[in-house]
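Chains, contacts and geometry: an overview
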Amino acid sequence: MNTFSSGNALKRFDLNKSHSLEISKEEIHGYCIQVVAIIKRLEDLEWPKFNRAESKRSSCWTSLTAKEFSGLITLGMKARIDEQHIMSTHPYLKCFSEFIRIVANKNISQCQELESKLDLVSRCSEFMQNAINSLEYRLFKYKQRKAQQYRVNSAHEYIDLIRASYSRIMCIRIDFSYRKGMFLESDRFNSHVENVKSQWKQMRTALTQGILVPDMVGYILRLEYSFLKGFHYHALIIYNGSLRQQDIVIGKMLGEHWVNSIVPNGDGRYFNCNGSKNRYRKLGVGTINYYEDEKYDVLKNIVVDYLVKPDDVMSFITPNERVFFKGVTKKPRLLAKGRPRKKL
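Residues numbered from 1 in each chain as written. Predicted model: local features only at pLDDT ≥ 70, side-chain atom pairs only at ≥ 80, totals over all residues. Heavy atoms only, no water.

The number of helices and strands found in the protein chain is ten helices and eight strands. When each of the 344 residues of the protein chain is scored for burial, the buried share is 50%. The contacts of the protein chain with a sequence gap of at least 6 include a subset with a gap of at least 24, amounting to 75%. Of the accessible surface of the protein chain, which amounts to about 18,500 Å², a share of 48% is contributed by carbon and sulfur atoms. (Helix = DSSP H or I, 4+ residues; strand = E, 2+ residues; numbered from the N terminus. Buried < 20%, exposed > 50% of the residue type's maximum accessible area, 1.4 Å probe, protein only. Contact = heavy atoms within 4.5 Å. Areas by Shrake-Rupley, 256 points an atom, 1.4 Å probe, with all protein chains shown as cover.)

See the structure below:
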């Protein structure tokens, strides 16, 4: 049973008692992944304060995020996780480790009296918010943005090649994911990555061979890990729009194939973004003609740019593995002599 699962009955942590907890390297690695994931979530939420009731500027103490965060802090103190070398390998972990060290050493002048787990979680969130603005963290983010720009340029060139090759395309934005909380109860992340990538390969085969819907001309895909959703793919699937229509229907077909034929045990999930495209102020999915400059700008600068953003958690789980993928598109042939393209 996973030591760091939220399903464990965690006892109230008493600073006046001594605690010790032996954990394996695999468990430590799994623990650190969840720490990075939950801190990334808190940063995305703009460092909410935890209260008994939810408000615009705070999160409810009874939320899954708060409960898991409390468990990670408590177990970190029990295991003295701040003494592990791995805690120095990521800016999030360094800051979190420093908080654990302060509290575990009962440095009251820095952390004051901790009256409850609610107080503990709120103080840790506040500590992280202040510590995360360090020079080291800004340098870490700078390197991420530099790598991201390379992916942005590559993805934009890819879209430009497709635009030059096809007079009309049909773009489907879809997320392929898994049952909520599926990965919270495990620390075998390396084997999970292998399974998740293997399942994408099966899905890619179905797409490229036209088993589901023929005439796919390209795709862009990113593997991500978040605290609540676990592993999931953000995908852009592109079809020849002169041969294919009904993007919402096709998006549903792709999602149902993922759920029913790719991921076993009913653990597959999907979200068809095209089904909600009427909510978008600017549209960069669905059918796009070659002359619709505004739609192509939205496709490149909003849809595609979102797909290539860096992921702190995946860079920690698999620092040397690819998490960004795109199809191969041949350079367009020289246009034959004849009438130029016209708007239809």
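There is more to say, and it comes next.
Let us now look at the packing of helix H1 (residues 25–44) against helix H2 (residues 64–78). Closest axis-to-axis distance for the H1/H2 pair is 11 Å, and the angle between their directions is 135°. One finds that H1 runs oblique with respect to H2. As for how H1 packs across H2, the hand of that crossing is left-handed. On H2, the residues touching Tyr-31, Gln-34, Val-35, Ile-38, Arg-41 and Leu-42 of H1 are Thr-65, Glu-68, Phe-69, Leu-72, Ile-73, Leu-75 and Gly-76. Residues that form the contact of H1 with H2 fall into these classes: eight nonpolar, three polar and two charged. (Axes fitted to C-alpha atoms, helices over the stretch in contact; angles between N-to-C directions. Parallel < 35°, antiparallel > 145°, perpendicular 65-115°, else oblique. Left-handed = near helix turned anticlockwise from the far one by under 90°. Nonpolar A, V, L, I, M, F, W, Y, C, P; charged D, E, K, R; others polar.)

This next bit is on the environment of Leu-299. Mapping Leu-299 onto the fold places it in helix H9 (residues 293–307). Overall, Leu-299 belongs to the buried group, its relative accessible area being 0%. A sequence separation of 63 residues divides Leu-299 from Leu-236, and the C-alpha atoms of the two residues are 9.9 Å apart. Leu-299 has contacts with Ile-159, Ile-169, Cys-171, Leu-236, Gly-284, Ile-288 and Val-304, leaving out every residue within four places of it along the chain.

The packing of two helices is summarised by the inter-axis angle and the distance between the axes. Packing of helix H3 (residues 91–104) against helix H5 (residues 117–131) leaves a shortest axis separation of 10 Å and a crossing angle of 135°. Between H3 and H5, the angle is such that the two are oblique. Of the two elements, H3 crosses H5, and the hand of that crossing is right-handed. When H3 is examined against H5, the residues Tyr-92, Cys-95, Phe-96, Glu-98, Phe-99, Ile-102 and Val-103 are found in contact with a partner set consisting of Leu-120, Arg-123, Cys-124, Phe-127, Met-128 and Ala-131.

Attention now moves to the confidence of the model for the protein chain. Per-residue pLDDT for the protein chain averages 82, and the proportion of residues at 70 or more is 82%. In this model residues 1–19 is a low-confidence stretch, pLDDT under 50, and it forms 41 contacts with partners more than four residues away in sequence or in other chains. Confidence drops under pLDDT 50 across residues 107–114; counting only partners more than four residues distant or on other chains, this segment forms 15 contacts. (pLDDT = per-residue confidence, 0-100.)

Now for unusual backbone geometry. A positive phi angle, close to 60°, is found at Glu-46, a residue other than glycine. Residue position: Glu-46 is located in the loop between H1 and strand S1 (49–51). Non-glycine residue Asn-265 carries a positive phi angle of around 65°. Mapped onto the elements, Asn-265 comes out in the loop between helix H8 (247–262) and strand S6 (268–272).

Tracing the backbone shows Arg-188 in the loop between strand S3 (168–178) and helix H7 (189–208). Its relative accessible area of 44% is what places Arg-188 among the partly exposed residues. Taking the C-alpha atoms as reference points, Arg-188 and Glu-27, 161 residues apart in sequence, are found 8.2 Å from one another.

Counting residues in each nonpolar core, the largest one holds 72 residues, and the members touching the most others are Ile-73, Phe-96, Tyr-225, Phe-231, Ile-237 and Tyr-239. Element by element, the count of residues in this core is highest for H1, at ten residues. Not counting the four nearest positions on each side in its chain, Tyr-225 is found in contact with Ile-33, Gln-34, Ala-37, Phe-183, Phe-189, Gly-230, Phe-231, His-232, Asp-311, Val-313, Met-314 and Ile-317. Counting 20 residues, the second largest nonpolar core, distinct from the first, contains Ala-155, Ile-159, Cys-171 and Val-303. (Core = buried A, V, L, I, M, F, W, Y, C linked by side-chain atoms within 4.5 Å.)

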